[in-house]
Amino acid sequence: MGLLNKKQIRTRFAPSPTGNLHIGSARTALFNYLFARKNRGEFILRIEDTDKERSKIEYEEDIIDGLKWLGLNWDSFYRQSERKDIYRKYLEKLLDEKKAYYCFCRKEELEAKRQEQISRGAAPKYNGKCASLSEDEAEERIKKGDEYVIRFKIPAKKIKFNDLIRGAVEFDSSLIGDMVIAKDLDNPLYNFTVTIDDFEMKITHILRGEDLLPNTPKQIILQEALGFTQPIYAHLPLILGPDKSKLSKRHGAESLSEYRRQGYLEETLVNFLSFLGWNPGTEKEIFSLSSLIKEFSIDKVQKSGAVFNIKRLDYLNGFYIRQKPLDKLTELCMPYLIEADLITPVFETQERLPNLTGIFGKEIVSGYNMKETGEKIDFNCLKRIISIYQERIKRLSEVPELVDFFFKENLVYEKKLLFWKNTEIGELIIILEKLKEIVSQIEEKDWNSKKLEDILISESDKISLELKNVKDRGYLIWPFRAAITGKESSAPPFVVSEILGRKKTIKRIENAINLIKR
Ligand code: GLU
């Protein structure tokens, strides 16, 4: 068969905007995107907002933001709430053909029936009571204002389909009662709208979570009733927590945006999500979106649940953070420093500049100030601060806690932090004063980590000869580091001191002396 005859592949991601983009849904979106792109097909985004009470525009925005962030761009966009006329046409067709009917059974009545069936040990399903109402009767009751829904008559049969991941799947439709497909002609429900849309949008392959498997036979029966062709199904394995139970809130963050806030990079999530149920069958574990497009294949998607391993997520994130160009990484860290009240952005406002879109002011971040002092901090300095942590951070959200001392005027820490091993207070005072004297000798123009290191190391060797308790370099280097960072651990003190600068280094040693003497 020539290429031209091949049917164009079309996949869709069809989220309901009833919550932020779930991490499992992001995986579904990714697999649909990869499958479409790999086969030069189309990828469609369809917002399934038929549930008016639960659908929210902010959730839709979160979903769209998340997909864009991951780089999963779509070829067409639809919103089900804008397609009512299409659904109505098909609902009328089913009613005309007597394949659907109005049902007036009350909630309490249905519930009582359900309970009775359960108590008999039977699977609960609708008993088909209203299927026998005549058209006139139904019309009469609608006119009277009786409440109703529209039900689809499920014919008893075996439903079989071949799932690309699970193989042959079979359902017995007699287990499904006649299902509600719409509240009324203008309010169709999920299984119905999905069936119509998948057909109308010429979807060839449906990749979706295994949790949606029970809906598939219902949709297939509807397709058959409407004379639609059947798309090919692939139900993706469940995502499990480390304890092998279905991934849920109790395992941690659930939404993609939450992972993003925690400082995971988009490259990390794409790479990580792709391995939730798929693997290349080789040792290779680093995949960009474009390499995934080349290598992804449904044949390599597993049937069994995919375990969500947070350690792997951190490992990948560390990898991608180390790969990031420093400029870019620094930019990515800025929102975290702002959020932690360490810096504030400075906006350059070009006021009253009318442009073609009618926007009069345009705000551009032109720099950053330290929040506490208002002092300007230039981007190169910010880059150097970030650079000393680039190797070790796993998430961007860890950054503020590591670097906060660079931005503070007065460090708050306990006296005892300054003591190394068995240093006595008198000795510590001598050591700190000595430190101040040593670093003060370095001139502004020579102030760099190499110089600081050379001097401090050689002086610490001398000091240990002078003071009886002092036996190693830690006696000098530890209080130096503690005084300039106020922390138990930090990046190497010489680099820290170089970035802090001469004035602040000396000031911090003085503050340490005052603290000890107090
Ligand atoms: N809108 C459905 C959901 O978010 C998914 C529909 C589908 O993939 O068939 O659960």
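The structure displayed is predicted, hence computed values, not measured ones.

(A) Molecular detail of the nonpolar core. Counting residues in hydrophobic clusters, the biggest one holds 110 residues, and the most contacted among them are Phe406, Phe407 and Leu456. Sorting elements by how many residues they give to this core places helix 1 (residues 23-38) first, with nine residues. Counting 34 residues, the second largest nonpolar core, distinct from the first, contains Tyr87, Leu94, Ala100 and Met201.

(B) Structural detail: the site of the ligand. Every residue near the ligand is listed here: Arg12, Ala14, Pro15, Ser16, Glu48, Tyr190, Arg208 and Leu212. In this structure, Ser16 approaches the ligand through a side-chain N or O atom, which is 2.9 Å from a nitrogen atom. Here Arg208 contributes a side-chain N or O atom positioned 2.6 Å from an oxygen atom of the ligand. Taking 300 Å² as the accessible area of the ligand by itself, protein coverage stands at 79%. Of the pockets mapped on this structure, the ligand occupies the largest pocket. In the shell around the ligand, the residues fall into four nonpolar, one polar and three charged.

(C) Inspection of a negative patch on the surface at higher detail. On the surface, a cluster of negative charge is contributed by Asp136, Glu137, Glu139 and Glu140. Its location among the elements puts Glu139 in helix 5 (residues 135-144). Given the relative accessible area of 46%, Glu139 is considered partly exposed.

(D) The arrangement of the sheet that holds strand 3 (residues 76-79) in detail. Strand order in the open sheet formed by three strands is 1-2-3, and the pairing between neighbours is parallel. One side of each edge strand has no neighbouring strand; the edge strands of this open sheet are strand 1 (10-13) and strand 3. Between one strand and the next, the sheet's axes are offset by a mean angle of 25°, whatever the strand orientation.

Thresholds, definitions, all that
- The residue count restarts for each chain, going from 1 along the sequence in the order it is written.
- Only residues with pLDDT of 70 or above have their local features reported here, since the model is predicted, and side-chain atom pairs are shown and tallied only from 80 upward, although totals for entire chains, interfaces and linings are computed over all residues.
- Derived side-chain values reflect all non-hydrogen atoms in the structure, with water molecules and hydrogen atoms excluded from consideration.
- Nonpolar cores were defined as sets of buried Ala, Val, Leu, Ile, Met, Phe, Trp, Tyr and Cys residues, with membership established by side-chain atoms within 4.5 Å.
- Only protein chains enter the accessibility calculation, which uses a 1.4 Å probe; a residue is then buried when its area is under 20% of its type maximum, exposed when over 50%, and partly exposed in between.
- For the purposes of this entry, the term helix denotes a DSSP run of H or I that reaches at least four residues, the term strand denotes a run of E that reaches at least two, and both are numbered from the N terminus.
- Near, as used in this document, describes a residue that has one of its heavy atoms within 4 Å of the molecule or strand being considered.
- Polar contact is the term for a pair of N or O atoms within 3.5 Å; when the atoms are in protein, one must be able to donate a hydrogen and the other to accept it, and sequence-neighboring residues count only if both atoms are side-chain atoms.
- Under the convention used here, a 1.4 Å probe and the Shrake-Rupley method define accessible areas, while residue burial counts only the protein chains that appear.
- With a 1 Å grid spanning the protein atoms alone, the term cavity applies to any set of points in which a 1.4 Å probe fits but cannot get out, the term pocket to an open set with protein on both sides within 12 Å along at least five of seven lines, and the term lining residue to any residue with an atom within 4 Å of a point.
- Put plainly, a molecule is in a cavity or pocket when over half of its atoms are within 2 Å of the grid points there.
- Basically, the charged four are Asp, Glu, Lys and Arg, the nonpolar ten are Ala, Val, Leu, Ile, Met, Phe, Trp, Tyr, Cys and Pro, and anything else, Gly included, counts as polar.
- Nonpolar side chains (Val, Leu, Ile, Met, Phe, Trp, Tyr) within 5 Å and like charges within 9 Å form the patches, drawn only from residues with over 30% relative accessible area and no salt bridge.
- Just to be clear on terms, a salt bridge is a Lys or Arg side-chain nitrogen sitting within 4 Å of an Asp or Glu carboxyl oxygen.
- Counting rule applied: Lys, Arg positive; Asp, Glu negative; His and chain ends not counted.
- Think of each charge as sitting on NZ of Lys, CZ of Arg, CG of Asp or CD of Glu.
- Pairs of strands are assigned from DSSP output, requiring at least two bridges between the strands.
- Helix axes use the C-alpha atoms of the stretch in contact, all axes being lines fitted to C-alpha atoms, and the angles between their N-to-C directions lie in the range 0 to 180 degrees.

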